[in-house]
Amino acid sequence: FGTHALLIVTLTLIPATAAAQSENDATREDDYPPLWDRAPESLLDFLVKDNKIVINPWNYQERLGVYKNMLNSSAKYFTAFGSQNFGNILWGLPLQHGWQFRTGRLADPSSATSCGYEDGDLLCISVRSWWSCMNYYLAVIPFLGAVEAGLFGQLQYEIEILPPEEQRDDFCYSVADCRSRNPKLMDEWKAYFEYLLSTEHKAGSPATFSSFKMDDALHLMWRAHVSSIAYALPKFQDSLKYLSDPEANFGEDWANAVDFIAATHFSTDLQTTNEFQSFLPQRMLTEGDVLPSISDFSPQQNRVLLSMRALHKVNQLTGGLLLKLWQKAMSTEAGRKLGRKLIEDLASS
């Protein structure tokens, strides 16, 4: 049964798997998240008030700035993996956030406000959006974990995160607040950034990172990523009511698929993430959308969504056994390499 399960999962994930990064690929402006060039470059580009750096994560540009600061401050650890920080595995987070923004998934799904709409406040991130609430735990928590780890050095100001207009108790707003509410999440994101910092040897000039191992970095990053989703999923279950059934199903299918992707230590660099995201839907799903026959989606997009639906259902039917078998198969570096190669070979055939 284990071998069959492994093959089923592998075949299911094939369409959603990208080709390996080619460093020779030219990078276009649309390879970056929308408005990337307008996002705050440094922490002091955010509002500084009363000796605090004040960040509004309910504004798309400011949440994007949180990611940009993490990428900029961790760039030196990824210089061996491509120019212009393209090899940084944190790219998966802002690119996913950009996809959510571009496809309307951060707007108010209840339509009670104009938050996130072109004829309203386009840059507004709605607290009623299931996607935006889930993403908070993959934006603010990693960022505060990075602050606590010392990624930004010794800050002269405290960091203050602004709350949304409603559901304030569903979020945390400072290193101390988040540590008291979510110690495990903070520990795991902090551990990822502490690992990066631990690989720096300043004896030589320029700094060298001889102890940096990409597989170790991916392990720690994905461990924290999966924990963020596992924590946020039950917390925002009620927010799914604002979505159409197909969109709500897709959201949960996507969250489930991430567990399988994470186990392979999938590389979330700029190029690979962009390749991968081209298979995701370019708009929100509506009640009339029936898989695998959504007319304005490509055959590949239909197949990806159907595959994720099937993967989620089979994993539920087996009580999570499918995921456990997959994780066991991916528990060694050799296994993960084999898993990625199987997927890559089958995807390109």
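Note that the coordinates shown come from a computational prediction; the quantities given were computed from them, not determined experimentally.

Definitions and limits used
- Residues numbered from 1 in each chain as written.
- Predicted model: local features only at pLDDT ≥ 70, side-chain atom pairs only at ≥ 80, totals over all residues.
- Heavy atoms only, no water.
- Salt bridge = Lys/Arg side-chain N within 4 Å of Asp/Glu carboxyl O.
- Helix = DSSP H or I, 4+ residues; strand = E, 2+ residues; numbered from the N terminus.
- Buried < 20%, exposed > 50% of the residue type's maximum accessible area, 1.4 Å probe, protein only.
- Expected span 1.5 Å × (residues − 1).
- Contact = heavy atoms within 4.5 Å.
- Phe/Tyr/Trp six-rings, centres within 6.5 Å; stacked < 30°, edge-to-face > 60°.
- Axes fitted to C-alpha atoms, helices over the stretch in contact; angles between N-to-C directions.
- Parallel < 35°, antiparallel > 145°, perpendicular 65-115°, else oblique.
- Nonpolar A, V, L, I, M, F, W, Y, C, P; charged D, E, K, R; others polar.
- Disulfide = S-S within 2.5 Å.
- pLDDT = per-residue confidence, 0-100.
- Pairing = 2+ DSSP bridges.
- Left-handed = near helix turned anticlockwise from the far one by under 90°.

## Description of the pattern of salt bridges
- Across all of its chains, the model carries 13 salt bridges by this definition.
- The shortest N-O distance in the salt bridge between Arg179 and Glu148 comes to 2.7 Å. Of this pair, Arg179 sits in helix α6 (residues 175-181) while Glu148 is found in helix α5 (residues 140-149), placing the two residues 31 residues apart along the sequence.
- Overall, Arg179 belongs to the partly exposed group, its relative accessible area being 24%.
- Linking Glu188 and Lys184 is a salt bridge whose minimum nitrogen-to-oxygen distance equals 3.2 Å. One end of the pair, Glu188, and the other, Lys184, are both in helix α7 (residues 183-198), four residues apart, so they sit about a helical turn from each other.
- Here Lys184 falls in the exposed class, since its relative accessible area comes to 52%.
- Ionic contacts of the salt-bridge type, sharing partners, join the residues Glu148, Arg179 and Asp187 into one network.

## Points about α7
- For α7, built from 16 residues, the straight-helix expectation of 22 Å at 1.5 Å per residue is met to within 8% by its first-to-last C-alpha distance of 21 Å.
- Residues of α7 that are buried include every one of Leu185, Met186, Glu188, Trp189, Tyr192, Phe193, Tyr195 and Leu196, and no others.
- Residues of α7 that are buried make contact with α2 (60-74), α3 (92-102), α5, α6 and α8 (214-235).

## Considering the packing of aromatic side chains
- The full count for this structure, using the stated rule, is 23 aromatic pairs.
- Plain terms: the ring middles of Tyr195 and Phe212 are 6.0 Å apart, the flat faces sit at 45° to each other, and that makes the pair tilted. Within this pair, whereas Tyr195 is found in helix α7, its partner Phe212 is found in the loop between α7 and α8, the two being separated by 17 residues in sequence.
- Judged by relative accessible area, which is 11%, Phe212 ranks as buried.
- Members of the aromatic cluster, connected to one another through ring pairs, are Trp58, Tyr136, Tyr137, Phe171, Tyr231 and Phe236.

## With respect to the packing of helix α9 (residues 245-263) against helix α11 (residues 299-317)
- Orientation of α9 relative to α11, taken along the N-to-C sense of each, is 75°, at an axis distance of 9 Å. Between α9 and α11, the crossing angle belongs to the class labelled roughly perpendicular. Two secondary-structure elements touch here, α9 through Asn249, Phe250, Glu252, Asp253, Trp254, Asn256, Ala257 and Phe260 and α11 through Leu305, Met308, Arg309, Leu311, His312 and Asn315.
- When grouped by side-chain class, the residues that make up the contact of α9 with α11 number seven nonpolar, four polar and three charged.

## So, the state of the cysteines
- On inspection of all chains with the given rule, the structure shows two disulfides.
- Each sulfur of the disulfide joining Cys115 and Cys124 lies 1.9 Å from the other. The disulfide joining Cys115 to Cys124 has a torsion of about -90° about its S-S bond and is therefore left-handed.
- Once the bonded cysteines of the protein chain are numbered in order along the sequence, the disulfide links fall as 1-2, 3-4.

## Overview of the confidence of the model for the protein chain
- Looking at the protein chain as a whole, its pLDDT mean stands at 89, while 87% of the residues score no less than 70.
- Note that residues 14-25 has pLDDT below 50 and, in this model, 30 contacts with residues that lie over four places away or in other chains.

## A look at the sheet that holds strand β1 (residues 47-49)
- Spatial strand order, β1-β2-β3: three strands in an open sheet with mixed pairing. Because the sheet does not close on itself, it has two edges, and the strands there are β1 and β3 (158-161). Each strand axis lies, on average, 35° off the axis of its neighbour in the sheet, ignoring direction.
- As paired elements, strand β2 (residues 52-55) and β3 share four bridges and run parallel to each other. Counterpart to Val54 in the pairing with β3 is Glu160.

## Focus: the packing of α2 against α3
- Put simply, α2 and α3 touch, their axes get as near as 9 Å, and they point 165° apart. One finds that α2 runs roughly antiparallel with respect to α3. Of the two elements, α2 crosses α3, and the hand of that crossing is left-handed. Note on element contacts: α3 touches α2 through Leu93, Pro94, His97, Gly98 and Phe101, opposite Tyr60, Arg63, Leu64, Tyr67 and Leu71.

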